[in-house]
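This is what each chain is made of:
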Amino acid sequence: KDIAGIAAPLAPLARLVVATRAQHPRAAPPAVIAAAARAAGARVVEVPATAQALARARACCEPTGLVVVAGSLFLAGEALEQLLDWTPSPPAFA
């Protein structure tokens, strides 16, 4: 996997990168993902599991903020499972 190649264009766009690991035997460790994101200039936290990573990312977002899940299809599937139980609040209009 070209983790550095994935991190390089995405890291500058992120307020925070939450590095985690899919529950798959070939998944990269969060420390490896975090190192690539840091090298690309991102502020990074490492979280051991997808559910915790999503919770951390959502806690850092504004109510209308965006959380991007990037990585393997396994990670995307785990994130989707978690997000199906979450209903976002409607945005407040001024």
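Residues numbered from 1 in each chain as written. Predicted model: local features only at pLDDT ≥ 70, side-chain atom pairs only at ≥ 80, totals over all residues. Heavy atoms only, no water.

Quick word on the layout of surface pockets
Filter applied, for reference: Only protein atoms enter the 1 Å grid, on which a cavity is a set of points fitting a 1.4 Å probe that cannot get out and a pocket is an open set with protein on both sides within 12 Å along at least 5 of 7 lines, lining residues being those with an atom within 4 Å of a point. Grid points are joined across faces, edges and corners, and a volume is the space filled by probe spheres set on the points. By the criteria applied, helices consist of DSSP H or I runs no shorter than four residues and strands consist of E runs no shorter than two, each listed in order from the N terminus. All amino acids are sorted into three groups, where Ala, Val, Leu, Ile, Met, Phe, Trp, Tyr, Cys and Pro are nonpolar, Asp, Glu, Lys and Arg are charged, and the leftover types, Gly among them, are polar.
In this structure, the largest pocket spans a volume of roughly 990 Å³. If you trace the largest pocket, you find 35 residues lining it, with V17, V18, V68, V69 and A70 closest to the centre. At the level of elements, α1 (3-10), β1 (17-19), α2 (30-39), α3 (50-60) and α4 (73-83) are the ones that each hand at least two residues to the lining of the largest pocket. It is α3 that contributes the most residues to the lining of the largest pocket, five residues altogether. Of the residues contributing to the lining of the largest pocket, the split by class is 28 nonpolar, four polar and three charged.

What about α3?
Threshold: Each residue is assigned to one of three classes by its accessible area relative to the maximum for its type, calculated with a 1.4 Å probe on protein chains only: buried under 20%, partly exposed between the two thresholds, exposed over 50%. Taking the helix axis as origin, the arc is that swept by the directions to the C-beta atoms. Two residues form a contact once any of their heavy atoms are found within 4.5 Å.
Regarding α3, the residues found buried are T50, A53, L54 and A57. Angular distribution of buried residues about the axis of α3 spans 95 degrees; they occupy a single face of the element. The inward-facing, buried residues of α3 abut β1 and α4.

What to know about the pattern of salt bridges
Rule in force here: By salt bridge we mean one thing: a side-chain nitrogen of Lys or Arg within 4 Å of a carboxyl oxygen of Asp or Glu.
Counting across every chain of the model gives two salt bridges. The shortest N-O distance in the salt bridge between R15 and E62 comes to 3.7 Å. One end of the pair, R15, is in the loop between α1 and β1; the other, E62, is in the loop between α3 and α4, with 47 residues separating them in the sequence. What makes E62 partly exposed here is its relative accessible area of 49%.

Comments concerning the confidence of the model for the protein
Short version of the rule: pLDDT gives the predictor's per-residue confidence on a scale running from 0 to 100.
Per-residue pLDDT for the protein has a mean of 89; in total, 90% of the residues score no lower than 70. Ranking the helices and strands of the protein by mean pLDDT puts strand β2 (residues 44-46) first, with 97, and α4 last, with 89.

A closer look at a nonpolar patch on the surface
The following threshold applies: Each patch is built from residues lacking any salt bridge and having more than 30% relative accessible area; the joining distance is 9 Å for like charges and 5 Å for nonpolar side chains (Val, Leu, Ile, Met, Phe, Trp, Tyr). For accessible areas, the Shrake-Rupley method is used with a probe of radius 1.4 Å. Any residue's cover is judged against the shown protein chains and nothing else.
A contiguous nonpolar patch, built from I6, L10 and L13 and spanning about 310 Å² of accessible area, is present on the exposed surface. Checked against the element boundaries, I6 lands in helix α1. A relative accessible area of 44% means that I6 is categorised as partly exposed.

Comments concerning the environment of A49
Looking at where A49 falls in the secondary structure, it is placed in the loop between β2 and α3. With 29 residues separating them along the chain, A49 and E78 place their C-alpha atoms 9.6 Å apart.

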